[in-house]
Amino acid sequence: MLSNSASKGRYELLLLFAFLFSPSGAWGYEEVAVADGGMIRGVVKLEGPVPKLPPLQITKAKDFCENVPNESLVVSSGGGIRYAVVTLEGIAKGIAVEREVVHELDNIQCRFVPHVQVASVGQWLVLKNADPILHTAHALFTAQPQFNVGLYPGKVTRKPLASAGVTKVLWEVHPWMTAYVVVTEHPYHAITDLYGEYDIRDIPPGTYKVRVWHETLGTQERQVEIKSGAVSNVDFTFSATQEGKR
């Protein structure tokens, strides 16, 4: 029988071959040329006063792990929400997924950086540790098998992103350390910046649902019609009293 590490290695090799030889790029999504596509842009905002977040409880390695920010709700002075993920739902075909794109998740000053990112099925997640102490990245995937990787100082490893969904990354020994990787079957996604702004480009004309996800505020959906060469504005507003699903 194969050891656990050998089995995981074989699984990742099979995923790699599937990505390389899949005729449509990412599974369940058809890659086609998009000429004169449309664009969505907008802002995700918080309505009302920004709640004061409790400080993170640092329970280990306190001499090094200090002043770790609570990034579960980051709001600009203008009310823009950072780290909200905006995706097109149910889009069956469009521009190609850039399979050579590599997404990094580093450990810096006892926190995962970046706190939230978005990727496509068929891409890779590179795990790093810039800290002088041991960290671990435990990824809770929706569909594909989980991984739990020990990261000693300076270690770099990579894992395939083989299924769509919201993936939470944590380390049980340092429970304040969490991150999210939202994976879609297509490249039509965005993450809001410091001001809560986003844009999604090269969308084939048609009618779609636009979905926004935030780790503490939950989700919202809106319908939008995309016209050739046109820009559609789609804004979202969350209430400070909403409770999302982690």
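Residues numbered from 1 in each chain as written. Predicted model: local features only at pLDDT ≥ 70, side-chain atom pairs only at ≥ 80, totals over all residues. Heavy atoms only, no water.

**Thoughts on the pattern of salt bridges**
Two side chains carrying opposite charge are able to pair once their charged atoms lie near each other.
Here is step 1: Counting across every chain of the model gives six salt bridges.
Here is step 2: Across the salt bridge formed by Glu-31 and Arg-99, the nearest N and O atoms sit 3.7 Å from each other. Taken together, the residues Glu-31 in strand β1 (residues 30-31) and Arg-99 in the loop between β6 (93-94) and β7 (102-107) connect sequence positions 68 residues apart.
Here is step 3: Given the relative accessible area of 25%, Glu-31 is considered partly exposed.
Here is step 4: Taking the shortest distance from any N to any O, the salt bridge between Arg-211 and Glu-221 comes out at 4.0 Å. Pair noted here: Arg-211 is in strand β18 (residues 206-214) and Glu-221 is in strand β19 (residues 218-226), with a separation of ten residues, a long-range link.
Here is step 5: Residue Arg-211 is classed as partly exposed on the basis of its relative accessible area, which comes to 26%.
Here is step 6: The structure contains a network of salt bridges with shared partners spanning Lys-209, Arg-211 and Glu-221. (Salt bridge = Lys/Arg side-chain N within 4 Å of Asp/Glu carboxyl O. Helix = DSSP H or I, 4+ residues; strand = E, 2+ residues; numbered from the N terminus. Buried < 20%, exposed > 50% of the residue type's maximum accessible area, 1.4 Å probe, protein only.)

**Some remarks on the sheet that holds strand β13 (residues 156-160)**
Here is step 1: Spatial strand order, β8-β7-β10-β13: four strands in an open sheet with mixed pairing. Of all strands in the sheet, those with a lone pairing partner are β8 (112-113) and β13, marking the two edges.
Here is step 2: With five bridges connecting them, strand β10 (residues 124-128) and β13 associate as antiparallel partners. Paired with Leu-125 across the strands is Lys-159, a residue of β13. (Pairing = 2+ DSSP bridges.)

**So, the sheet that holds β19**
Here is step 1: Spatial ordering of the open sheet is given by β16-β5-β18-β19, a layout of four strands whose pairing is antiparallel. Of all the strands in the sheet, the pair left with one neighbour each is β16 (189-191) and β19. Averaged over all adjacent pairs, the angle separating strand axes in this sheet is 20°, with direction ignored.
Here is step 2: Here strand β5 (residues 85-89) runs beside β16; their pairing, made up of three bridges, is antiparallel. Bridge pairing links Val-86 to Ala-190 in β16. (Axes fitted to C-alpha atoms, helices over the stretch in contact; angles between N-to-C directions.)

These results come straight from atomic positions and should not be treated as a statement about function.
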